[in-house]
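Structural overview
Residue-level listing of the chains:
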Amino acid sequence: MTLTKTLGPLAFALAAGLLAASPASAQTKLKWAHVYETSEAFHKWSVWAADEIKKRSDGRYQIDVYPASQLGKENDINQGLSLGTVDIIISGSSFAAKAFPRIGVTYYPYTFRGPEHLLAYTRSDIYKELTAGYEQKTGNEIVATTYYGTRHTTSNRAITKCADMKGLKMRVPDVPAYLAMPRACGANTTPIAFAEVYLALQNGTVEAQENPLPTIEAKKFFEVQKHIVLTGHIVDHLNTVVAGGVWKKLSEADRKLFTDVMLEAAGKATQEVAARERELAAVFRSKGISVTEVNTAEFRDTVLKNVPFEQFGYQKADWERIQAVK
């Protein structure tokens, strides 16, 4: 047997092995999960980001987006990052705070003056410090932050001041900071999964809930509520989080690719949410819904007087640093 014939199969096997191991030829499949409707900006721009990462990586990454709690409720998908059942999520810092309490200070009512203040915070040193603390605790990487909307109250009862909420049966997410304003004003809060809120309002299990105007529109809460009260108690946001196990395997170039695309998607979703938000008070009024402005300073002062930062594991110094961001 000639040397050429002997080496032929061996060379072929080596070449095939190298080809299979080559990152350029292998496709990595990832799952991106969230709890929002397909009609919402967060889904639309997640799908765009998944497609864009596939394009810019020449098909090396295939990312499938699972909306509307398909892979679990918000607690589930946050835990899924560590369990390996999901690879990327969009979720609020309130859930990140279960692992690293300090990051949840952004959910203390009336922390942000508006969306511009929130976006300025995402460029600040305190943002870098808090996201790094979460990353060190969990191994997961917060890559981008999207404006979710300013949270307002919907109710079957007219509300013009904080005390009007006394005894109100109100759905609030099962996150301590969300409970602060309603409880300070005397509401009886009930945690109900996001996917079940419409039915709970419809059948009277609860009489009120709180969410941004675009969410009130997307989830059709206005169909089962008579009043929208512009309490503006939390300027909310979502983080795009990549599981630590996935992030560690990415090359520096791919980390940059993911970051660039996810930041762009977050920026586009933010613009879309803010633009829709500006239109919605008039839209709801045209549907015969009462939309009421209130003195938010009175609500804020009641919260500050009655709700200590420390009970949530927050640090007032962090809150003051955010307040100082221009």
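Everything numeric in this text was worked out from a predicted model, so none of it was measured.

Under the definition given, this model contains 1 disulfide. There is a disulfide in this structure between C162 and C185, and the S-S distance comes to 2.0 Å. Judged by the sign of its S-S torsion, about -110°, the cystine formed by C162 and C185 is left-handed. Taken as a pair, C162 in the loop between β4 (141–155) and β5 (169–171) and C185 in the loop between α7 (176–184) and β6 (188–190) lie far apart in primary sequence, 23 residues in all.

Another point: helix α13 (residues 316–324). Because each turn of an α-helix spans 3.6 residues, side chains separated by three or four positions in sequence point in the same direction. Every buried residue of α13 is accounted for by D318, W319 and I322. Looking straight down α13, one finds its buried side chains confined to an arc of 100°; they lie on one side. Packed against the buried residues of α13 are α5 (115–121), α6 (125–138) and α12 (296–306).

Residues at a pLDDT of 70 or more form 92% of the chain, whose mean pLDDT is 92. Residue range residues 1–24 is modelled with pLDDT below 50. Its contacts to residues more than four positions away, or to other chains, number 6 contacts.

As a further point, take the packing of α7 against α12. Geometrically, a packed helix pair is captured by the angle between its two axes and the distance between the axes. Running from N to C, α7 and α12 cross one another at 105°; their axes reach a closest spacing of 9 Å. Of the possible angle classes, the one that applies to α7 and α12 is roughly perpendicular. Along its contact with α7, which presents A180, M181 and A184, the element α12 presents F299, T302, V303 and N306. When the residues that make up the contact of α7 with α12 are grouped by side-chain class, the tally is 5 nonpolar, 2 polar and no charged.

Rules of the game
Residues numbered from 1 in each chain as written. Predicted model: local features only at pLDDT ≥ 70, side-chain atom pairs only at ≥ 80, totals over all residues. Heavy atoms only, no water. Disulfide = S-S within 2.5 Å. Helix = DSSP H or I, 4+ residues; strand = E, 2+ residues; numbered from the N terminus. Buried < 20%, exposed > 50% of the residue type's maximum accessible area, 1.4 Å probe, protein only. Arc of directions from axis to C-beta. Contact = heavy atoms within 4.5 Å. pLDDT = per-residue confidence, 0-100. Axes fitted to C-alpha atoms, helices over the stretch in contact; angles between N-to-C directions. Parallel < 35°, antiparallel > 145°, perpendicular 65-115°, else oblique. Nonpolar A, V, L, I, M, F, W, Y, C, P; charged D, E, K, R; others polar.

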